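Coordinate inspection notes
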Amino acid sequence: MKKEEKRSRKRNRGKKVQKKSCPSNISDLDQSSASKNAISKTKKSSSFLDKMKARLSGGHFRMLNEKLYTCSGDEALNYFKENPELFNVYHAGYQEQMLHWPEQPVNVITKWLKDHSPSLIVADFGCGDARLARSVKNKVWSLDLVANDPSVIACDMSNTPLESSSVDVAVFCLSLMGIDYPSFLQEARRVLKPRGWLLIAEVKSRLDPTTGGADTNKFLKAICELGFTIESKDFSNKMFVLFYLKKKEKTNSVEKEINWPELKPCIYKRR
């Protein structure tokens, strides 16, 4: 009997120990579950905030983009002088848009320059982050409305500090923005040497009459009347067109009136 009582006591002790340990395990599970839920909520909250920031940033970019297309170069320069921080907002949005393009025009222009002499002096009108200058061995004058880099010259694209007939290549890579874009091309003609190159990359829809864009032939005709000849045209890309022109050896001293077509603003869609 005594042996059975001892065995019974041992069994009861074991049961008591088990009973005590159960609530502890459940508590641990509850804490672990609560911790996981908290982390999940934090991630969801962070993800939501990131999405909201992206939307706000995208909205600012579209607003700034539309402004640049619908004001003059001088107005744009003064606007960014008063609000220099918005220049970074614009270019961050621009880079985000470029990520969705299968090919970027600056890369095509970079390759073109690398296929030509590195001694050619380049003027990059509307250079942005001065990527072109960093990608080639050529001397590149990087010009834009704000100078966030020491190598960039802040100026109106129609009134640069470059000397007349001082550069071999003038580049406009998606930068013919503004209602006075012809004045930018006139400035390019001034700074280019005779037989100097003019390279223009433009969003395809801006030169598509079927979608409200300008007629390509009228656009090129106006540039030729300014004093250039067409060397080649590239329509192979889905998103942009490329024109390669040369400044004439001699230009008319008497300025004649040129009928410039209106280039519609390039409005990016919400993504």
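Model, not experiment: these values are computed from the prediction.

Brief notes about a positive patch on the surface
Taken together, the side chains of K218, K221, K248 and K256 make up a positively charged region of the molecular surface. Taking relative accessible area as the criterion, K248 reaches 32% and is therefore assigned partly exposed.

Structural notes on the packing of aromatic side chains
Counted by the stated rule, this structure contains 11 aromatic pairs. On the numbers, 6.4 Å between centres and 25° between planes, the contact of Y90 with Y94 is stacked. Pair noted here: Y90 and Y94 are both in helix α3 (residues 85–98), with a separation of four residues, about one helical turn. The class of Y90 is buried, set by a relative accessible area of 6%. Residue class for Y94 comes out buried when judged on its relative accessible area of 15%. Relative to F243, the ring of F219 has its centre 6.1 Å away and its plane inclined at 45°; by these criteria the two rings are tilted. Residue F219 is located in helix α7 (residues 216–227), and its partner F243 is located in strand β7 (residues 240–247); the two are separated by 24 residues in the primary sequence. Overall, the relative accessible area of 0% leaves F219 in the buried class.

Here's the deal with the sheet that holds strand β1 (residues 122–125)
With mixed pairing, the seven strands of this open sheet are ordered in space as β3-β2-β1-β4-β5-β7-β6. In this open sheet, the two edge strands, each paired with only one partner strand, are β3 (152–154) and β6 (228–234). The mean inter-strand angle of the sheet, taken between neighbouring strand axes irrespective of direction, is 20°. One ladder, built from six bridges, connects β6 with β7; its direction is antiparallel. Opposite S232, over in β7, you have Y244 as the bridge partner. The strands touched by α7 within the sheet are β5 (192–203), β6 and β7, with β6 carrying the most contacts at an inclination of about 145°.

Points about the side chain of T160
Considering the arrangement of structural elements, one finds T160 in the loop between β3 and β4 (167–173). Overall, the relative accessible area of 6% leaves T160 in the buried class. At a separation of 2.8 Å, a polar atom in the side chain of T160 contacts the side chain of E187. Not counting residues up to four positions away in its chain, the partners in contact with T160 are F125, L143, C155, E187, R190 and V191.

Describing the confidence of the model for the protein
Of the residues in the protein, 75% reach a pLDDT of 70 or more, and the chain-wide mean stands at 82. Low confidence marks residues 15–23, where pLDDT is under 50. Its contacts with residues over four positions away, or in another chain, come to zero contacts. Here residues 48–56 is a poorly scored stretch, pLDDT under 50, and it has one contact once near neighbours within four places are set aside; other chains count.

Side note on the side chain of S183
Summarising the element assignment, S183 is placed in helix α6 (residues 181–191). Note on S183: relative accessible area 18%, which makes it buried. A polar side-chain atom of S183 sits 2.6 Å from the main-chain carbonyl oxygen of D180.

Quick look at the pairing of β5
Burial analysis of β5 places nine of its 12 residues in the buried class, which makes it a mostly covered element. At this point the chain moves from β4, through α6, to the parallel β5, and the crossover so formed is right-handed.

What to know about helix α4 (residues 105–114)
A large share of α4 lies buried, amounting to seven of its 10 residues. Tucked inside the fold, the buried residues of α4 contact β1, α5 (131–135), β4, β5 and β7.

Re empty space enclosed by the protein
As enumerated under the stated definition, the model contains two cavities of 30 Å³ or more in all. In this structure, the largest cavity is lined by 31 residues; those nearest its centre are H91, G126, G128, D144 and S175. For the lining of the largest cavity, the element with the most residues is α3, which contributes six residues. Tallied by class, residues from the lining of the largest cavity come to 18 nonpolar, nine polar and four charged.

A short note on unusual backbone geometry
In the Ramachandran plot, A130 falls in the positive-phi region, its phi being about 60° despite a non-glycine side chain. With respect to the helices, strands and loops of the structure, A130 is situated in the loop between β1 and α5. With a relative accessible area of 2%, A130 lands in the buried category. Positive phi values are uncommon outside glycine, yet S165 reaches one of about 50°. Here S165 is to be found in the loop between β3 and β4.

Definitions and limits used
- Residues numbered from 1 in each chain as written.
- Predicted model: local features only at pLDDT ≥ 70, side-chain atom pairs only at ≥ 80, totals over all residues.
- Heavy atoms only, no water.
- Patch = residues over 30% accessible without salt bridge, like charges linked within 9 Å, V, L, I, M, F, W, Y side chains within 5 Å.
- Areas by Shrake-Rupley, 256 points an atom, 1.4 Å probe, with all protein chains shown as cover.
- Salt bridge = Lys/Arg side-chain N within 4 Å of Asp/Glu carboxyl O.
- Lys, Arg positive; Asp, Glu negative; His and termini not counted.
- Charge placed at Lys NZ, Arg CZ, Asp CG, Glu CD.
- Buried < 20%, exposed > 50% of the residue type's maximum accessible area, 1.4 Å probe, protein only.
- Phe/Tyr/Trp six-rings, centres within 6.5 Å; stacked < 30°, edge-to-face > 60°.
- Helix = DSSP H or I, 4+ residues; strand = E, 2+ residues; numbered from the N terminus.
- Pairing = 2+ DSSP bridges.
- Axes fitted to C-alpha atoms, helices over the stretch in contact; angles between N-to-C directions.
- Contact = heavy atoms within 4.5 Å.
- Polar contact = N/O pair within 3.5 Å; in protein donor to acceptor, adjacent residues only side chain to side chain.
- pLDDT = per-residue confidence, 0-100.
- Right-handed = clockwise from strand over helix to strand, strands pointing away.
- 1 Å grid on protein atoms, 1.4 Å probe; cavity = no way out; pocket = protein on both sides within 12 Å on 5 of 7 lines; lining within 4 Å.
- Points joined across faces, edges and corners; volume = space filled by probe spheres on them.
- Nonpolar A, V, L, I, M, F, W, Y, C, P; charged D, E, K, R; others polar.

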